[in-house]
Amino acid sequence: MKNDPNKKNSLKHVLFGSLIGTTIEFFDFYIYANAAVLVFPQLFFPSSDSTMATLESLATFSIAFLSRPLGSAFFGHYGDKIGRKFTLVAALLTMGISTVTIGFLPSYESIGVAAPLLLMLCRFGQGVGLGGEWGGAVLLAIENAPPNKRAWYGMFPQLGAPIGLLLSGGTFLLLTDSMSNEDFMNYGWRIPFIASAFLVIVGFYIRTKITETPSFETAKKQEEEVKVPFLTLVKSYKNQLIFGTFAAITTFLVFYLMTVFTLSWATSDLGIVKRDGLLIQLFSVLFFALFIPVSAVVADKIGRRKMLISATAAIAVFGFFFSYFLSTGNIALITVFACIGMSLMGFTYGPLGTFLSELFPTTVRYSGASLTFNMAGILGAAFAPMIAIWLAKTYSVSYVGFYLVAAALVSLISFLVISKDEHKF
């Protein structure tokens with residue numbers, strides 16, 4: 001995987017290379033999310049109380065968010081030191097191996113407590129891989145972009161999220177439709193985990209054909225390299241790290257409320273069958289995918305910060321309507337709710353990668369963008385489904401909306417006080 005300094009990345013290679021990796025990574029990540037709601041409570045966390053089994057399963061879901069900053073620090077260090085290309089390939093393989101292994105794990109009935117422990121270990125590996133993947137994919141796009149189209153280029157790796165979710169949700173829907181529930185629980189759920197190996201091979205091949213970004217090559221020629229990127233971040237870019245993290249938490253929270261929480265609540269408490277729950281989710285993801293490019297176009301015209309502030313304010317308003325949409329069990333209302341939420345998710349997610357990357361100079365950009373994004377994942381998503389289920393069951397669904405409103409206010413304040421310096425590319 002040696003880099004040829006005379007070879008230039010074509011637009012096709014840049015955009016497809018950034019998109020394919022995040023699509024694979026998020027596919028792997030989301031098939032776990034679906035399984036954590038639909039499968040793992042029964043197979044890995046047997047309990048007389050179905051709610052407790054679901055909460056235990058979702059606790060393993062949160063492990064990946066705790067390990068993502070470790071992946072950011074580790075892969076970010078080498079991404080800033082030796083280059084984006086090699087690091088992206090290594091992160092992809094870490095995620096892929098962890099995911100495929102899940103597909104071969106025995107259940108609790110077969111090996112007892114070792115089963116959930118192995119599941120948690122694999123989930124940890126997924127988090128480490130994704131922690132290193134996202135930042136590198138975004139930098140691959142925007143460090144090859146013209147200045148007036150950074151948000152547009154930066155939205156391509158972001159599109160990997162809805163595409164990965166469509167593929168994972170569609171796979172689970174196809175499997176549940178084509179086999180009995182018994183067969184699905186016995187072996188069907190393993191198919192997407194094992195089949196992801198094919199996607200990883202494709203991604204690996206494409207990533208090895210890409211050269212380093214011009215920004216990294218320029219920094220390397222000018223000998224701007226720092227010894228320990230993480231220490232430089234903590235010393236010189238505390239404002240960007242702290243407030244960049246808080247600015248991004250609403251993006252994570254709204255997404256996992258609209259996917260994991262909504263699917264769990266609809267199928268377990270509102271009496272909606274799994275198939276209908278998955279169909280609603282898949283339909284709403286189309287709106288997520290649609291508004292990512294729309295937000296990028298707007299962000300390149302009015303600025304990334306203004307776009308994100310407007311989207312976050314809209315999410316705060318949306319939070320007050322949770323009870324109206326999710327208290328009746330009406331499928332039409334739930335579908336409208338999911339589509340509105342996912343549209344707002346597209347507006348906030350599209351320019352986020354570009355915004356976070358612009359907070360840091362080239363020498364620490366991989367580490368900085370990755371850490372802010374994945375630290376926000378801990379605060380905004382790691383325990384969000386569990387907190388939301390607890391709030392809904394202990395108080396009411398309205399309090400889940402208030403939870404989202406509170407997070408949006410934190411993000412809005414952070415967007416206003418964060419450093420406005422934009423570093424060169």
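These remarks concern the structure in this document. (Residues numbered from 1 in each chain as written. Predicted model: local features only at pLDDT ≥ 70, side-chain atom pairs only at ≥ 80, totals over all residues. Heavy atoms only, no water.)

## Things to note about helix α6 (residues 114-142)
Basically, it comes down to this: Here a helix means four or more residues in a row that DSSP labels H or I, a strand means two or more in a row labelled E, and each is numbered from the N terminus. The span one expects for a helix is its residue count, reduced by one, times 1.5 Å. A 1.4 Å probe rolled over the protein chains alone gives each residue an accessible area, and that area as a share of the maximum for its type sets the label: buried under 20%, exposed over 50%, partly exposed in between.
Along its 29 residues, α6 runs 43 Å from first to last C-alpha, staying within 8% of the 42 Å computed at 1.5 Å per residue. Within α6, 23 of the 29 residues are buried, leaving the element largely enclosed by the surrounding structure.

## Observations regarding empty space enclosed by the protein
Filter applied, for reference: Using a 1 Å grid laid over the protein atoms alone, points where a 1.4 Å probe fits but cannot get out form a cavity; open sets with protein on both sides within 12 Å along at least 5 of 7 lines form a pocket; any residue with an atom within 4 Å of a point counts as lining. Grid points are joined across faces, edges and corners, and a volume is the space filled by probe spheres set on the points.
This model, assessed by the stated rule, comprises three cavities of 30 Å³ or more. When its volume is computed, the largest cavity comes out at roughly 100 Å³. Together, Phe26, Tyr30, Arg68, Ala161, Thr251, Phe252, Phe255, Tyr256, Phe288, Met345, Tyr349 and Phe373 line the largest cavity. Elements that contribute at least two residues to the lining of the largest cavity include exactly α1 (11-38), α12 (238-268) and α16 (331-349).

## A closer look at the pattern of salt bridges
Which entries qualify depends on this criterion: Each reported salt bridge corresponds to a side-chain nitrogen of Lys or Arg within 4 Å of a carboxyl oxygen of Asp or Glu.
This model, assessed by the stated rule, comprises six salt bridges. As a salt-bridge pair, Glu358 and Arg150 come within 3.3 Å of each other at their nearest N and O atoms. In this pair, Glu358 sits in the loop between α17 (352-357) and α18 (362-382) while Arg150 sits in helix α7 (residues 150-178), placing the two residues 208 residues apart along the sequence. For Arg150, a relative accessible area of 8% corresponds to the buried category. Two residues, Asp177 and Arg275, come together in a salt bridge whose shortest N-O distance is 2.8 Å. You can see Asp177 sitting in helix α7 and its partner Arg275 sitting in helix α13 (residues 274-302), a full 98 residues away along the chain. The class for Asp177 is partly exposed, based on a relative accessible area of 42%. The exposure class assigned to Arg275 is partly exposed, which follows from its relative accessible area of 39%. When salt bridges that share partners are traced, they join Arg150, Asp300, Arg304 and Glu358 into one network.

## Some points on the layout of surface pockets
Note the threshold: Residues are sorted three ways: Asp, Glu, Lys and Arg are charged, Ala, Val, Leu, Ile, Met, Phe, Trp, Tyr, Cys and Pro are nonpolar, and all the rest, Gly among them, are polar.
For the largest pocket, the calculated volume is near 320 Å³. Around the largest pocket, the lining comprises 17 residues; the ones closest to its centre are Val37, Ser50, Thr54, Ser264 and Ser268. A per-element tally of the lining of the largest pocket places helix α3 (residues 50-81) first, with five residues. Looking at side-chain class alone, the lining of the largest pocket contains seven nonpolar, seven polar and three charged residues.

## Remarks on the side chain of Ser57
Here is the rule we go by: The contact rule is simple, with two residues in contact once any of their heavy atoms fall within 4.5 Å.
Tracing the sequence through the fold places Ser57 in helix α3. Setting aside its immediate chain neighbours within four residues, Ser57 contacts Ala36, Phe40, Pro41 and Phe45.

## Comments concerning the side chain of Arg68
The cut-off we apply is this: Throughout this description, a polar contact denotes any pair of N or O atoms lying within 3.5 Å of each other; where both atoms belong to protein, one of them has to be capable of donating a hydrogen while the other can accept it, and for residues adjacent in sequence the pair is counted only when both atoms sit in side chains.
By secondary structure assignment, the location of Arg68 is in helix α3. Side-chain polar atoms of Arg68 contact the side chain of Asn374, separated by 2.7 Å. In this view, Arg68 contacts Phe29, Gly127, Leu130, Gly131, Phe252, Phe373 and Asn374; residues no more than four positions away in its chain are not counted.

## Remarks on the packing of α12 against α16
Packed helices, taken two at a time, are described by the angle their axes make and the gap between the axes. To be explicit about the condition: Here an angle of 0 to 180 degrees is reported between the N-to-C directions of two axes, which are lines fitted to C-alpha atoms, with helices fitted over the stretch in contact. When describing relative orientation, an angle under 35 degrees is termed roughly parallel and one over 145 degrees roughly antiparallel, while 65 to 115 degrees is termed roughly perpendicular and anything else oblique. The crossing is said to be left-handed when, going from far helix to near helix, the turn is anticlockwise and less than a right angle, and right-handed when the turn is clockwise.
As a packed pair, α12 and α16 sit with axes 9 Å apart at the nearest point and diverge in direction by 150°. By the angle between their axes, α12 is roughly antiparallel relative to α16. In this structure, α12 meets α16 at a crossing whose hand is left-handed. Each of Thr251, Val254, Phe255, Met258, Thr259 and Thr262 in α12 lies in contact with α16, whose residues at this interface are Phe337, Ala338, Gly341, Met342, Met345, Thr348 and Tyr349. Looking at the contact of α12 with α16 residue by residue, the classes come out as eight nonpolar, five polar and no charged.

## Side note on helix α14 (residues 304-319)
Compared with an ideal rise of 1.5 Å per residue, which puts 16 residues at 22 Å, α14 spans 23 Å between its outermost C-alpha atoms and is within 8% of the ideal. Residues of α14 that are buried include every one of Arg304, Arg305, Met307, Leu308, Ala311, Thr312, Ile315, Ala316, Phe318 and Gly319, and no others.

## Structural notes on the packing of aromatic side chains
Applied cut-off: Between the rings of Phe, Tyr and Trp (Trp by its six-membered ring), a pair exists once the centres lie within 6.5 Å; its type follows the angle of the planes, with under 30 degrees stacked, over 60 edge-to-face, and the other angles tilted. Charge-over-ring placement is defined geometrically: NZ (Lys) or CZ (Arg) within 6 Å of the ring centre, and within 35 degrees of the ring normal.
Under the definition given, this model contains 32 aromatic pairs. Judged by centre distance (5.3 Å) and plane angle (65°), the rings of Phe74 and Tyr78 are edge-to-face. Of the two residues, Phe74 and Tyr78 both sit in helix α3, four residues apart, roughly one turn of that helix. Overall, Tyr78 belongs to the partly exposed group, its relative accessible area being 37%. A centroid spacing of 5.7 Å and a plane angle of 40° characterise the contact between Phe325 and Phe337, whose relative ring orientation is tilted. With Phe325 in helix α15 (residues 322-326) and Phe337 in helix α16, this residue pair connects regions lying twelve residues apart in the sequence. Residue class for Phe325 comes out buried when judged on its relative accessible area of 9%. One aromatic cluster is present, formed by Tyr30, Phe65, Trp134, Phe252, Phe255, Tyr256, Phe288, Tyr349 and Phe373 through successive ring pairs. The cationic tip of Arg123 hangs over the ring face of Tyr32; the distance from NZ or CZ to the ring centre is 4.2 Å.

These values are about where atoms sit, not about what they do.
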